[in-house]
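Residue strings, one per chain:
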Amino acid sequence: MSAEELRVVLHKIADRAVAFRESRADAPHRPLATYAEMKAAFDAPAPEHGAPIGDLIDELAALTTPGLANMVGPRFFGWVIGATHPAGLAADWLTSAWAQNVGNAHATPAASACEEITGRWLLELLDLPRSSSVGFVTGATIANFTCLAAARGEVLRRVGWDVEADGLFGAPPVHVVLGEEAHSTVFSGLRYLGLGSKRVVRVPVTPQGLMQPGAFAKAIATLEGPIIAIAQAGHINSGGFDPFAEIANAARAKGAWLHVDGAFGLWARACPDRAHLGRGLELADSWGVDGHKWLQTPHDSAYAIVRDAEAHRRAMLIAASYLPEGSERHPADYVPELSRRGRGFATWAMIKSLGRSGIAAMVSRHCAQARQMSELLGAERDIEILNDVVLNQVAVRLGVDLDGAQADALTDRTIARIQQDGVCFVGGANWRGRQIIRVSVISANTTDADIVKSAEAIISAWRAERHANAV
Ligand SMILES: *Cc1c(COP(=O)(O)O)cnc(C)c1O
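So, here's what we can say about the structure. All of these numbers come straight from a predicted model, not from anything done at the bench.

Assigned secondary structure in the chain consists of 14 helices and eleven strands. In terms of overall size, the chain behaves like a compact globule, its C-alpha atoms giving a radius of gyration of 23 Å where 471 residues would be expected to give roughly 23 Å. Taken along its principal axes, the extent of the C-alpha atoms in the chain is 65 × 65 × 45 Å. Expressed as a percentage of the 471 residues in the chain, the buried residues total 52%. If you take every contact in the chain between residues at least 6 apart in sequence, the share linking residues at least 24 apart comes to 73%. On the chain, roughly 20,400 Å² of surface is accessible, and the fraction owed to carbon and sulfur atoms is 56%.

Shown next, in the form of structure tokens:
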């Protein structure tokens, strides 16, 4: 392909990307096509012969458009998803064009140095111990996994067991202590590490899903031997924070490694009016946090942050080697992968684009918008907000005056109706034994007016559903 042909293709996709983004403000927030329809559209035998790039890109765009969710739309509140900000998007395009394989500092000094410095920026913004190591991973699932691998290695090393060399067979048992409502992906990490998702001590939680005061200390008090404790900054439904100061002290007294799953909630520390929520979590040993949620980077971006850089490196190192003092930091030494893209570039671009003040303002705005949403919905006589809206999450229970099963069924129908209407997108969850609507305010594109419009859409769908079912 000639440079001129490449220019034509890339200009064309730039136009397409801009048109897509432009159309999203008023587009329905749900995908228009179903999975079955999309599968039928893609279904074809593997092609025998190559096709011109311009043509196949046109075809790809035509095929996908009906089945794309409007996740960058201003009223997308499903799961907890950032909006891939233009700065991150632009840096990510270049990242692909540069095609750096970010394993080794000698092979790609630019990508390696960018990650090292951007990692330092993250520690400053999140106010975590400055000598911590930072691995640039795909998501908080793998950030948690990476941190827990470091934890596993270190707590066993302290009792004379080299898990990196000898594995878990015959190793002293490792106790894992976590809150009853830890995020499902944390259990995946424990599975990958051979620690077992069931072989854990579950600490009872408050109605907000947070470890009960005193309960963690009590749970850990009776344990002997290596201990890993896992706390949460930003509960998936309530947005709440575990009582870190207390947990950290109790963990330290027992020599436990304390990890914090802060996929989105850790960003509260970058926002002066929310920072109090995460007070004390700087005492932990490791932290997992996403870029592709609150920082609005493109997807495949999260950070595994470990206080003990050597423990981090021991757990992830691919070729065991002696690291001379002052030598280069090899990106692959801190993540589970060898060959990968330069994730640091998009993170660098987002932090440059927003700056510390811009990140703080965005987090603060989303939290205020979550409160606005909770007030608008909570004003409806048969709607209850189940959580203390301390962050960006709103847990909404419909039909408080109805029988539980009936309310659950109507909640599911209301969610389907809201998605169908397309004005906004919300998802459901089962929490405290009931179906709820979960609203996550975390998109860079959401304005206060979008909150009002969405609250109206949610209430009108709920009234219509309730009326149609005459209860
Ligand atoms: C989203 C989330 C995760 C998983 O993060 P991914 O980026 O999807 O891998 C883990 N913990 C919490 C609290 C989350 O919100």
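One open sheet holds the seven strands; their spatial order is β1-β7-β6-β5-β4-β2-β3, and the pairing between them is mixed. Looking along the sheet, the strands with just one partner apiece sit at the ends: β1 (133-137) and β3 (201-203). Pairwise comparison of adjacent strand axes, ignoring direction, gives a mean angle of 20° for this sheet. On the sheet, helix α6 (residues 140-157) packs against β1, β4 (227-232), β5 (257-261), β6 (286-290) and β7 (302-306) and is oriented at approximately 180° with respect to β5.

For the rest of this paragraph, the subject is empty space enclosed by the protein. Under the defined criterion, the tally for this structure stands at three cavities of 30 Å³ or more. Of the voids in this model, the largest cavity is the one considered here, and its volume is about 60 Å³. In terms of lining, the largest cavity is formed by 13 residues, of which the most central are Gly179, Ala182, Ala231, Gln232 and Asp242. In terms of residue count, β4 provides more of the lining of the largest cavity than any other element does, three residues in total. Of the residues belonging to the lining of the largest cavity, the class tally is six nonpolar, four polar and three charged. In this structure, the second largest cavity occupies an estimated 50 Å³ of space. Contributing to the lining of the second largest cavity are Asp92, Pro298, His299, Asp300, Ser301, Arg341, Gly342, Arg343 and Ala346. A class-by-class count of the residues in the lining of the second largest cavity yields two nonpolar, three polar and four charged.

Looking now at the nonpolar core. With 59 residues, the main nonpolar core has Phe216, Leu266, Trp267, Trp294, Tyr303 and Ile305 as its most contacted residues. Per-element accounting of this core gives the leading share, eight residues, to helix α12 (residues 343-378). Core analysis: the second largest hydrophobic core is formed by 31 residues, Val163, Ile228, Ala302 and Ala304 among them.

Bringing the site of the ligand into the picture now. Thr141, Asp261, Asp290, His292 and Lys293 are the nearest of the 13 residues found near the ligand. Within the backbone of Ala140, one N or O atom sits 2.9 Å away from an oxygen atom of the ligand. One of the side-chain N or O atoms of His292 is found 2.8 Å from an oxygen atom in the ligand. Residues that form the shell around the ligand fall into these classes: four nonpolar, six polar and three charged.

Basis of the calculations
- Residues numbered from 1 in each chain as written.
- Predicted model: local features only at pLDDT ≥ 70, side-chain atom pairs only at ≥ 80, totals over all residues.
- Heavy atoms only, no water.
- Helix = DSSP H or I, 4+ residues; strand = E, 2+ residues; numbered from the N terminus.
- Rg over C-alpha atoms; globule rule 2.2 N^0.38 Å.
- Buried < 20%, exposed > 50% of the residue type's maximum accessible area, 1.4 Å probe, protein only.
- Contact = heavy atoms within 4.5 Å.
- Areas by Shrake-Rupley, 256 points an atom, 1.4 Å probe, with all protein chains shown as cover.
- Pairing = 2+ DSSP bridges.
- Axes fitted to C-alpha atoms, helices over the stretch in contact; angles between N-to-C directions.
- 1 Å grid on protein atoms, 1.4 Å probe; cavity = no way out; pocket = protein on both sides within 12 Å on 5 of 7 lines; lining within 4 Å.
- Points joined across faces, edges and corners; volume = space filled by probe spheres on them.
- Nonpolar A, V, L, I, M, F, W, Y, C, P; charged D, E, K, R; others polar.
- Core = buried A, V, L, I, M, F, W, Y, C linked by side-chain atoms within 4.5 Å.
- Near = heavy atom within 4 Å.
- Polar contact = N/O pair within 3.5 Å; in protein donor to acceptor, adjacent residues only side chain to side chain.

So far we have only geometry, and geometry alone does not tell us how the molecule works.
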